[in-house]
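Spelled out from the first residue to the last, the chains are:
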Amino acid sequence: MRLSRIIMALTVGLAVVAVPTAAGAAQPQPTPNATATTDPTQPPPYAPQPPALTVNRPTIYLGETVILTGTGFGPNETVDIVVTVTPLAAPAGGQAPARRSDGSTVAMAPVAYQASAPLTFTAYTNAQGRFTKSYKPSVTGLLTFTATGRESGRTASTQLRVLPKKQPLPVTGDSIGTPMKLGGGLVGAGAVMLLLTLAWRRRQRLGGAAH
(Lines give C-alpha, C1' and ligand atoms only; values in the text may rest on other atoms or scores of the structure.)
Protein backbone atom coordinates (compact mmCIF):
# COMPACT_ATOMS: atom_id res chain seq x y z
CA MET A 1 0.00 0.00 0.00
CA ARG A 2 2.76 2.41 0.92
CA LEU A 3 4.70 1.53 -2.24
CA SER A 4 1.74 2.33 -4.47
CA ARG A 5 1.38 5.78 -2.87
CA ILE A 6 5.06 6.55 -3.49
CA ILE A 7 4.76 5.52 -7.15
CA MET A 8 1.63 7.68 -7.55
CA ALA A 9 3.37 10.73 -6.03
CA LEU A 10 6.35 10.38 -8.36
CA THR A 11 4.05 10.07 -11.38
CA VAL A 12 2.16 13.26 -10.46
CA GLY A 13 5.44 15.15 -9.91
CA LEU A 14 6.86 14.15 -13.26
CA ALA A 15 3.64 15.17 -14.99
CA VAL A 16 3.75 18.65 -13.40
CA VAL A 17 7.36 19.17 -14.48
CA ALA A 18 6.74 17.97 -18.04
CA VAL A 19 3.79 20.29 -18.75
CA PRO A 20 5.76 23.64 -19.01
CA THR A 21 8.45 21.96 -21.10
CA ALA A 22 5.91 20.64 -23.59
CA ALA A 23 4.15 23.99 -23.74
CA GLY A 24 7.43 25.75 -24.52
CA ALA A 25 8.29 23.22 -27.20
CA ALA A 26 4.90 23.70 -28.82
CA GLN A 27 5.47 27.47 -29.35
CA PRO A 28 6.86 28.35 -32.82
CA GLN A 29 10.49 29.45 -32.81
CA PRO A 30 11.52 32.53 -34.93
CA THR A 31 13.57 31.81 -37.97
CA PRO A 32 16.93 33.63 -38.43
CA ASN A 33 15.48 35.77 -41.26
CA ALA A 34 12.19 36.61 -39.56
CA THR A 35 13.50 39.90 -38.08
CA ALA A 36 15.78 42.43 -39.75
CA THR A 37 18.89 43.45 -37.92
CA THR A 38 21.01 46.57 -38.42
CA ASP A 39 24.75 46.30 -38.19
CA PRO A 40 26.22 49.64 -37.03
CA THR A 41 29.60 48.70 -38.47
CA GLN A 42 28.24 48.50 -42.03
CA PRO A 43 28.17 51.70 -44.20
CA PRO A 44 24.75 53.12 -45.13
CA PRO A 45 23.32 52.29 -48.57
CA TYR A 46 25.01 54.24 -51.45
CA ALA A 47 23.19 57.40 -52.50
CA PRO A 48 24.17 58.68 -55.97
CA GLN A 49 25.37 62.28 -56.09
CA PRO A 50 23.26 64.82 -58.00
CA PRO A 51 24.38 65.54 -61.59
CA ALA A 52 26.63 68.54 -62.16
CA LEU A 53 28.24 70.21 -65.17
CA THR A 54 31.19 72.62 -64.90
CA VAL A 55 33.54 74.50 -67.23
CA ASN A 56 37.18 75.15 -66.40
CA ARG A 57 37.07 78.83 -67.47
CA PRO A 58 33.95 81.01 -67.17
CA THR A 59 35.15 83.57 -69.78
CA ILE A 60 37.30 83.07 -72.89
CA TYR A 61 38.11 84.80 -76.18
CA LEU A 62 36.92 83.44 -79.49
CA GLY A 63 39.31 80.76 -80.75
CA GLU A 64 40.22 79.39 -77.31
CA THR A 65 39.21 75.96 -75.96
CA VAL A 66 37.49 75.00 -72.70
CA ILE A 67 36.99 71.70 -70.85
CA LEU A 68 33.51 70.59 -69.79
CA THR A 69 33.30 68.16 -66.85
CA GLY A 70 30.16 66.22 -65.95
CA THR A 71 29.59 64.17 -62.78
CA GLY A 72 26.69 62.28 -61.24
CA PHE A 73 25.36 60.83 -64.51
CA GLY A 74 24.62 57.16 -65.21
CA PRO A 75 27.57 54.76 -65.56
CA ASN A 76 28.76 54.10 -69.11
CA GLU A 77 26.01 56.10 -70.80
CA THR A 78 25.79 58.59 -73.64
CA VAL A 79 25.20 62.20 -72.63
CA ASP A 80 23.65 64.64 -75.10
CA ILE A 81 24.85 68.25 -74.73
CA VAL A 82 22.85 71.13 -76.18
CA VAL A 83 24.39 74.60 -76.55
CA THR A 84 22.19 77.69 -76.72
CA VAL A 85 23.71 81.06 -77.62
CA THR A 86 22.58 84.43 -76.28
CA PRO A 87 24.08 87.54 -77.91
CA LEU A 88 26.13 89.92 -75.83
CA ALA A 89 24.08 93.11 -75.76
CA ALA A 90 26.92 95.16 -74.24
CA PRO A 91 30.68 94.89 -73.63
CA ALA A 92 31.59 92.50 -70.84
CA GLY A 93 32.29 93.94 -67.42
CA GLY A 94 35.85 95.17 -66.99
CA GLN A 95 36.48 95.54 -70.71
CA ALA A 96 37.75 99.09 -71.41
CA PRO A 97 36.83 100.90 -74.65
CA ALA A 98 39.49 101.67 -77.23
CA ARG A 99 41.33 104.94 -76.52
CA ARG A 100 42.82 107.41 -79.00
CA SER A 101 46.17 109.15 -78.54
CA ASP A 102 44.44 112.41 -77.56
CA GLY A 103 42.63 110.69 -74.68
CA SER A 104 39.21 110.30 -76.31
CA THR A 105 37.53 106.91 -76.42
CA VAL A 106 35.93 104.85 -79.17
CA ALA A 107 32.63 103.18 -78.22
CA MET A 108 32.50 99.44 -78.92
CA ALA A 109 29.56 98.21 -80.97
CA PRO A 110 27.31 95.43 -79.58
CA VAL A 111 28.09 91.93 -80.72
CA ALA A 112 25.58 90.66 -83.29
CA TYR A 113 23.85 87.27 -83.06
CA GLN A 114 26.15 85.02 -85.03
CA ALA A 115 24.63 81.52 -85.05
CA SER A 116 21.30 79.79 -84.75
CA ALA A 117 20.85 77.84 -81.52
CA PRO A 118 21.05 75.10 -80.48
CA LEU A 119 24.34 73.37 -81.25
CA THR A 120 24.61 69.73 -80.14
CA PHE A 121 27.31 67.15 -79.44
CA THR A 122 27.73 64.05 -77.24
CA ALA A 123 29.97 62.76 -74.45
CA TYR A 124 30.38 59.34 -72.81
CA THR A 125 30.61 58.64 -69.07
CA ASN A 126 32.84 56.14 -67.31
CA ALA A 127 31.78 53.57 -64.70
CA GLN A 128 31.46 56.33 -62.09
CA GLY A 129 29.17 58.48 -64.26
CA ARG A 130 31.85 61.08 -65.05
CA PHE A 131 32.96 62.57 -68.37
CA THR A 132 35.21 65.33 -69.73
CA LYS A 133 34.83 66.99 -73.12
CA SER A 134 36.85 69.72 -74.82
CA TYR A 135 34.91 72.36 -76.71
CA LYS A 136 36.06 75.22 -78.97
CA PRO A 137 33.28 77.76 -79.58
CA SER A 138 32.92 79.22 -83.05
CA VAL A 139 30.64 82.07 -82.01
CA THR A 140 30.70 84.84 -79.45
CA GLY A 141 28.03 85.37 -76.82
CA LEU A 142 26.76 83.79 -73.60
CA LEU A 143 26.74 80.02 -74.16
CA THR A 144 24.55 77.76 -72.01
CA PHE A 145 25.47 74.05 -72.00
CA THR A 146 22.74 71.57 -70.98
CA ALA A 147 23.78 67.91 -70.57
CA THR A 148 21.21 65.08 -70.37
CA GLY A 149 21.92 61.36 -69.88
CA ARG A 150 20.08 59.17 -72.39
CA GLU A 151 19.51 56.26 -70.02
CA SER A 152 19.41 57.96 -66.61
CA GLY A 153 17.58 61.11 -67.69
CA ARG A 154 19.76 63.16 -65.35
CA THR A 155 20.46 66.70 -66.47
CA ALA A 156 22.74 69.60 -65.52
CA SER A 157 23.80 72.90 -67.08
CA THR A 158 26.52 75.58 -66.97
CA GLN A 159 27.38 78.82 -68.79
CA LEU A 160 30.38 80.23 -70.68
CA ARG A 161 31.00 83.79 -71.89
CA VAL A 162 32.84 84.01 -75.24
CA LEU A 163 34.28 87.43 -76.15
CA PRO A 164 35.57 88.63 -79.52
CA LYS A 165 39.28 88.23 -80.23
CA LYS A 166 41.58 90.87 -78.82
CA GLN A 167 42.15 93.55 -81.46
CA PRO A 168 44.98 96.12 -81.55
CA LEU A 169 43.95 99.69 -80.86
CA PRO A 170 42.76 101.41 -84.03
CA VAL A 171 45.15 103.86 -85.68
CA THR A 172 43.29 107.16 -85.99
CA GLY A 173 44.08 110.35 -87.89
CA ASP A 174 45.26 112.04 -84.72
CA SER A 175 47.75 109.29 -83.93
CA ILE A 176 49.18 109.49 -87.47
CA GLY A 177 49.30 113.30 -87.58
CA THR A 178 51.34 113.66 -84.39
CA PRO A 179 54.39 111.66 -85.61
CA MET A 180 54.22 113.39 -89.00
CA LYS A 181 54.26 116.80 -87.37
CA LEU A 182 57.17 115.81 -85.17
CA GLY A 183 59.12 114.42 -88.15
CA GLY A 184 58.47 117.53 -90.20
CA GLY A 185 59.76 119.75 -87.42
CA LEU A 186 62.97 117.74 -87.12
CA VAL A 187 63.56 117.92 -90.86
CA GLY A 188 63.03 121.68 -90.84
CA ALA A 189 65.41 122.18 -87.92
CA GLY A 190 68.07 120.09 -89.68
CA ALA A 191 67.75 122.19 -92.83
CA VAL A 192 68.20 125.42 -90.88
CA MET A 193 71.29 124.07 -89.12
CA LEU A 194 72.76 123.01 -92.48
CA LEU A 195 72.24 126.47 -94.00
CA LEU A 196 73.79 128.18 -90.98
CA THR A 197 76.81 125.88 -91.18
CA LEU A 198 77.33 126.59 -94.88
CA ALA A 199 77.03 130.34 -94.31
CA TRP A 200 79.54 130.24 -91.48
CA ARG A 201 82.08 128.33 -93.58
CA ARG A 202 81.66 130.77 -96.46
CA ARG A 203 82.30 133.71 -94.19
CA GLN A 204 85.42 131.98 -92.87
CA ARG A 205 86.73 131.45 -96.38
CA LEU A 206 86.03 135.03 -97.43
CA GLY A 207 87.72 136.37 -94.32
CA GLY A 208 90.83 134.28 -94.98
CA ALA A 209 91.08 135.45 -98.59
CA ALA A 210 90.90 139.14 -97.52
CA HIS A 211 93.96 138.74 -95.29
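Right, let's walk through the structure included here. (Residues numbered from 1 in each chain as written. Predicted model: local features only at pLDDT ≥ 70, side-chain atom pairs only at ≥ 80, totals over all residues. Heavy atoms only, no water.)

Quick notes on the sheet that holds strand 3 (residues 66-71)
Ordered in space as 1-3-8, the three strands form an open sheet in which the pairing is antiparallel. Lying at the two open borders of the sheet, with one neighbouring strand each, are strand 1 (52-55) and strand 8 (131-135). Between one strand axis and the next, the sheet turns by 20 degrees as a mean value, whatever way the strands run. (Pairing = 2+ DSSP bridges. Helix = DSSP H or I, 4+ residues; strand = E, 2+ residues; numbered from the N terminus. Axes fitted to C-alpha atoms, helices over the stretch in contact; angles between N-to-C directions.)

Observations regarding the pairing of strand 1
Alternating positions in strand 1 separate cleanly, Leu53 and Val55 being buried on one face and Ala52 and Thr54 remaining unburied on the opposite face. Where strand 1 and strand 3 come together, four bridges link them in antiparallel fashion. When the bridges of strand 3 are listed, Thr54 appears paired with Thr69. (Buried < 20%, exposed > 50% of the residue type's maximum accessible area, 1.4 Å probe, protein only.)

Thoughts on the nonpolar core
Burial of nonpolar side chains together is a common tendency in soluble globular proteins. Counting residues in each nonpolar core, the largest one holds 21 residues, and the members touching the most others are Ile81, Phe131, Tyr135, Leu143, Phe145 and Leu160. Elements supplying a minimum of two residues to this core: strand 1, strand 3, strand 4 (78-86), strand 7 (119-124), strand 8, strand 9 (141-149) and strand 10 (155-163). For this core, the leading source of residues is strand 4, giving four residues. Excluding anything up to four places from it in sequence, Phe145 contacts Leu53, Leu68, Ile81, Val82, Val83, Phe121, Tyr135, Ala156, Ser157, Thr158 and Leu160. (Core = buried A, V, L, I, M, F, W, Y, C linked by side-chain atoms within 4.5 Å. Contact = heavy atoms within 4.5 Å.)

Regarding the pairing of strand 10
Pairing of strand 2 (residues 59-61) with strand 10 involves three bridges; the strand directions are parallel. By the bridge assignment, Tyr61 is partnered in strand 10 with Leu163. Note: strand 9 against strand 10, eight bridges, orientation antiparallel. Residue pairing across strands places Gly141 opposite Val162, the latter belonging to strand 10.

What to know about the packing of aromatic side chains
The description of an aromatic ring pair rests on the distance of the ring centres and on the angle between the ring planes. Within the structure shown, the criterion is met by three aromatic pairs. On the numbers, 5.7 Å between centres and 55 degrees between planes, the contact of Phe73 with Phe131 is tilted. In this pair, Phe73 sits in the loop between strand 3 and strand 4 while Phe131 sits in strand 8, placing the two residues 58 residues apart along the sequence. Side by side, Phe73 and Phe131 carry an identical accessibility label, which is buried. A ring pair is formed by Phe121 and Tyr135, whose centres lie 5.0 Å apart and whose planes are at 15 degrees; its orientation type is stacked. Here Tyr135 lies in strand 8 and Phe121 lies in strand 7, a separation of 14 residues in the sequence. Residue classification places Phe121 among the buried positions, given a relative accessible area of 17%. Taking relative accessible area as the criterion, Tyr135 reaches 13% and is therefore assigned buried. (Phe/Tyr/Trp six-rings, centres within 6.5 Å; stacked < 30°, edge-to-face > 60°.)

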